[in-house]
Amino acid sequence: MADTNNREVFPTWNPSEVEGIKTKSNFLRGTIEQGLNDLATGAIAQDDTQLIKFHGSYQQTDRDLEVERKHKKLEPLYSFMIRVRIPGGVATATQWSLFDELAKTHASNTLKLTTRQAFQFHGVIKRKLKETMQKMNESLLDSIAACGDVNRNVMCTTNEGLSPLVPAAYQLSKEISDHLLPKTTAYHEIWLDQKLLVSSQEDEEPIYGKTYLPRKFKIAIAIPPYNDIDVFSNDLGLIAIGKDDKIEGFNLSIGGGLGMTFTEQGTYPRLGDIIGYVPYDKTIAVIEEVVKLQRDYGNRENRRMSRLKYTIDRLGPKEFKTLLEQRLGFVLDKPKEFKLETNGDVFGWQKAQSGKWFLGLFIEHGRVKDEEGYLLKTGLRKIADLNKCDFRLTGNQGLVLGEIADKDKNEISALLKEYNIWPKANLSGARKNAIACVALNTCSLAFAEAERYLPSLIDKIDEILAQSKLTNDDILIRMTGCPNGCGRPYLGEIGFVGRSLGKYNMYLGAGFAGERLNTLYKQTLSEHEILSELKVLLPRYAKERKQGERFGDFVVRVGIVEPQREIQYID
Ligand code: SRM
Ligand code: SF4
């Protein structure tokens, strides 16, 4: 069958290499276990580097040392990143303390809070990988399906100070995560030494099947007016509709995804389309069917074209919706009205309906570490060791201390002050809202710096902002080291995407609430060129903006960039 452009809508795929690896992996086992015991190399077998992702880990190299080690004829300095599965990003104080310790003893002595509310350990050497996994599991958190071609960490606003709907949404995020967890026992066998009573061939994956999904799958829950989890950048987004503390249902968005490849025509960032409203009790059934449609119709040949967004655009959004409704056996209701106002974090103290306090903190690009004059990691550890709050990761690489009783507020505040964590003076609106992906030196796909560079660029941008009296204005700046979009740069009012070392494409004009993508403005700019552009754009914004107008809306209104389409509704 072909669509109106004569493209095959239901082609027969010539399976990619990764599909082959999954097929013969015996439900994600491969030879990972044997590879861990091979001490002649710091690496694991090539095929297993694909499989280990499903277990929440990536094999990486220290890219700073690439040239030097090659010169010395040494193999690259291999290590592993571990990503923890933690729906809604909520960790107990005990878990934080343990992770802090594990980072010190088994990893690079930093914790990375990711853009999907997860923890990452970097720099775990092969010899310590299993032990790290085991210790992490002792804290009752695991890394199953934190990466790989399955449903990833389910995101959800978890700052209870913002809305009484948060507890119900958080509960659902855990249920979705559990429901879509792979059923293979490979993880428990390999990492936790739990041998099976039955043969491993008995494994079954009722939702995913033997070859899992064609590609990663992402789900997030937004609670209007907050969109701090960027709901439209997810394969499947749920926008909560509720009353008091009860969620009645969700508007359903499908087909979001930000990754693209410079050299691959036909790849693009895309925001999800809203296709209807789902009552609360049918939510998991609907999610499962969307996942299964992607399983059955997703591209298994070209991994760069295999996310749900491409499946939907190939089939047609309306046709996809019809297929979904046929499988569900009912028609989706019309979407309900909602309004999103911001995709940034809310900082400072908020009191929840429960009477407990929640405090939004700024953690620059989610990197928890100690450095001279700023002992962030030590300070947060001291707070965790009190065991008087929990730790909630945000979708903007930030942190919320939660569930603080009135009686404990002063003690926690005193520690935050002692370690200069909160209140934090001299934070511009641009710095507070900035996101940067990991990039160098661990990410194998990075063309340019992001996390290690953006703070110094913002120092310079801050000077321009100060001259235009914009220091306190919230402006969303997002930077990534490549076009894959991990820091959601296409949703920045100003987005920087790495092209090569020191050079970035600059994007402008995303909506402040994550409802409109930005547009490519200039290509391969150096720092000097970026600052020259901003020296014109920011003063002009200060002078010509309308009352309350956001920077992203301004650059679109005055014609500096063409607007991208806003989110669409599919009838
Ligand atoms: Fe990402 C691949 C880091 C959120 C799109 N991402 C990677 C890898 C694993 C590189 C690799 O494949 O070798 C990066 C590891 C770097 C490192 O050293 O830690 C990486 N992604 C991250 C994190 C840690 C960025 C951060 O600084 O916070 C985020 C971890 C999220 C999590 O906890 O699960 C992260 N990645 C995202 C997001 C944002 C989101 O999900 O909200 C996106 C864009 C949304 C989307 O998926 O479309 C994103 N990552 C990608 C892609 C492009 C996927 C695509 O469809 O084209 C890749 C490359 C790939 O999958 O082949 C990628
Ligand atoms: Fe790596 Fe690119 Fe993702 Fe940044 S956006 S973490 S450079 S894959």
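What you see is a predicted model, and the numbers here were worked out from it, not measured in a lab.

Asker: So what about the nonpolar core? Which residues, and what values?
Answerer: Formed by 106 residues in total, the largest nonpolar core has its most connected members in Trp96, Phe121 and Leu401. Of all the elements, helix α7 (residues 166-179) adds the most residues to this core, at 6 residues. Counting 38 residues, the second largest nonpolar core, distinct from the first, contains Ala446, Tyr504, Leu531 and Phe554.

Asker: Tell me about the packing of helix α5 (residues 93-106) against helix α6 (residues 126-138), residues and numbers included.
Answerer: The geometry of α5 relative to α6 is characterised by a closest axis approach of 11 Å and an angle of 170° between their N-to-C directions. With respect to each other, α5 and α6 are oriented roughly antiparallel. Packed against α5, whose contacting residues are Leu98, Phe99, Leu102, Thr105 and His106, the element α6 presents Lys128, Glu131, Thr132, Lys135 and Met136 at the interface. Considered class by class, the residues forming the contact of α5 with α6 number 4 nonpolar, 3 polar and 3 charged.

Asker: Explain the sheet that holds strand β21 (residues 503-508) to me, using residue names and the numbers behind them.
Answerer: Strand order in this open sheet of 5 strands is β18-β19-β20-β21-β22, and the pairing throughout is mixed. Single-partner strands in this sheet number two, and they are β18 (435-436) and β22 (519-525). As paired strands, strand β20 (residues 494-500) and β21 are joined by 6 bridges and run antiparallel to one another. Each residue of the ladder has a partner; that of glycine 495, found in β21, is tyrosine 507.

Asker: Can you lay out the site of ligand 2 for me, pointing to particular residues and giving the numbers?
Answerer: Every residue near ligand 2 is listed here: Cys437, Ala439, Cys443, Leu445, Ala446, Thr480, Gly481, Cys482, Asn484, Gly485 and Cys486. Split by residue class, the shell around ligand 2 holds 7 nonpolar, 4 polar and no charged.

Asker: How would you explain the sheet that holds strand β7 (residues 219-222) if you had to name every residue and give the values?
Answerer: Here 5 strands make up an open sheet; going across it, the order is β6-β7-β8-β9-β10 and the pairing mixed. Either end of the sheet is taken by a strand with one partner, and the two such strands are β6 (155-156) and β10 (273-279). With 8 bridges joining them, strand β8 (residues 236-243) and strand β9 (residues 246-254) adopt antiparallel strand pairing. Each residue of the ladder has a partner; that of alanine 240, found in β9, is phenylalanine 250.

Asker: Please provide a residue-by-residue account of the coordination of the iron atom of ligand 1, values included.
Answerer: Protein coordination of the iron atom of ligand 1 is limited to a single donor, Cys486 (SG), positioned at 2.2 Å. Mapped onto the secondary structure, cysteine 486 falls in the loop between β19 (477-480) and β20.

Asker: Describe the pairing of β8, and please don't skip the residues or the numbers.
Answerer: Counting buried residues in β8 gives 6 out of 8 residues, a clear majority hidden from the surface. Relative to β8, β7 runs parallel, the two being bridged by 4 bridges. Along β8, the bridge assignment pairs alanine 222 with isoleucine 239. Counting the residues in the hairpin turn of β8 and β9 gives 2 residues, including aspartate 244, whose phi is positive at 50°.

Asker: Can you explain the site of ligand 1? Please cite residues and give values.
Answerer: Around ligand 1 lies a shell of 30 residues, among which Thr114, Leu258, Thr442, Cys486 and Arg488 are the nearest. One nitrogen or oxygen atom from the side chain of arginine 116 is found 2.9 Å from an oxygen atom belonging to ligand 1. Between ligand 1 and threonine 442, the relevant distance is 2.6 Å, taken from an oxygen atom to a side-chain nitrogen or oxygen of the residue. Elements with a minimum of two residues in the shell around ligand 1: β1 (57-61), β2 (78-83) and β5 (119-124).

Asker: Just give me the short version of helix α15 (residues 454-467), but keep the residues and values in it.
Answerer: In a regular helix each residue adds 1.5 Å, so 14 residues correspond to 20 Å; α15 covers 20 Å between its end C-alpha atoms and thus fits that length. For α15, the set of buried residues is Leu454, Pro455, Leu457, Ile458, Ile461, Asp462, Ile464 and Leu465. Where α15 is buried, its residues meet α14 (429-433), β18, β19, β20 and α16 (527-544). Lysine 469 occupies a position one or two residues after α15 and carries a positive phi of about 55°.

Asker: If you had to explain the side chain of lysine 292 to someone new, which residues and values would you point to?
Answerer: With respect to the helices and strands, the residue lysine 292 is situated in helix α9 (residues 283-297). Apart from the residues within four sequence positions on either side, lysine 292 is in contact with Pro206, Ile207 and Arg327.

Asker: Just give me the short version of the pattern of salt bridges, but keep the residues and values in it.
Answerer: Counted by the stated rule, this structure contains 48 salt bridges. For arginine 307, the salt bridge goes to aspartate 235, with nearest N and O atoms at 2.8 Å. Here arginine 307 is found in the loop between α9 and α10 (308-315), whereas its partner aspartate 235 is found in the loop between β7 and β8, with 72 residues between them in sequence. Under the relative-accessibility criterion, arginine 307 is labelled buried at 12%. We classify aspartate 235 as buried; its relative accessible area is 0%. The salt bridge involving arginine 431 is made with aspartate 462; its shortest N-O contact spans 3.4 Å. Of this pair, arginine 431 sits in helix α14 while aspartate 462 sits in helix α15, and the two are 31 residues apart along the sequence. Grouping residues by exposure puts arginine 431 and aspartate 462 together as buried.

Rules used in this analysis
- Residues numbered from 1 in each chain as written.
- Chains lettered and ligands numbered in written order.
- Predicted model: local features only at pLDDT ≥ 70, side-chain atom pairs only at ≥ 80, totals over all residues.
- Heavy atoms only, no water.
- Core = buried A, V, L, I, M, F, W, Y, C linked by side-chain atoms within 4.5 Å.
- Buried < 20%, exposed > 50% of the residue type's maximum accessible area, 1.4 Å probe, protein only.
- Helix = DSSP H or I, 4+ residues; strand = E, 2+ residues; numbered from the N terminus.
- Axes fitted to C-alpha atoms, helices over the stretch in contact; angles between N-to-C directions.
- Parallel < 35°, antiparallel > 145°, perpendicular 65-115°, else oblique.
- Contact = heavy atoms within 4.5 Å.
- Nonpolar A, V, L, I, M, F, W, Y, C, P; charged D, E, K, R; others polar.
- Pairing = 2+ DSSP bridges.
- Near = heavy atom within 4 Å.
- Donors = N, O, S within 2.8 Å, 3.2 Å for Na, K, Ca; no water.
- Polar contact = N/O pair within 3.5 Å; in protein donor to acceptor, adjacent residues only side chain to side chain.
- Expected span 1.5 Å × (residues − 1).
- Salt bridge = Lys/Arg side-chain N within 4 Å of Asp/Glu carboxyl O.

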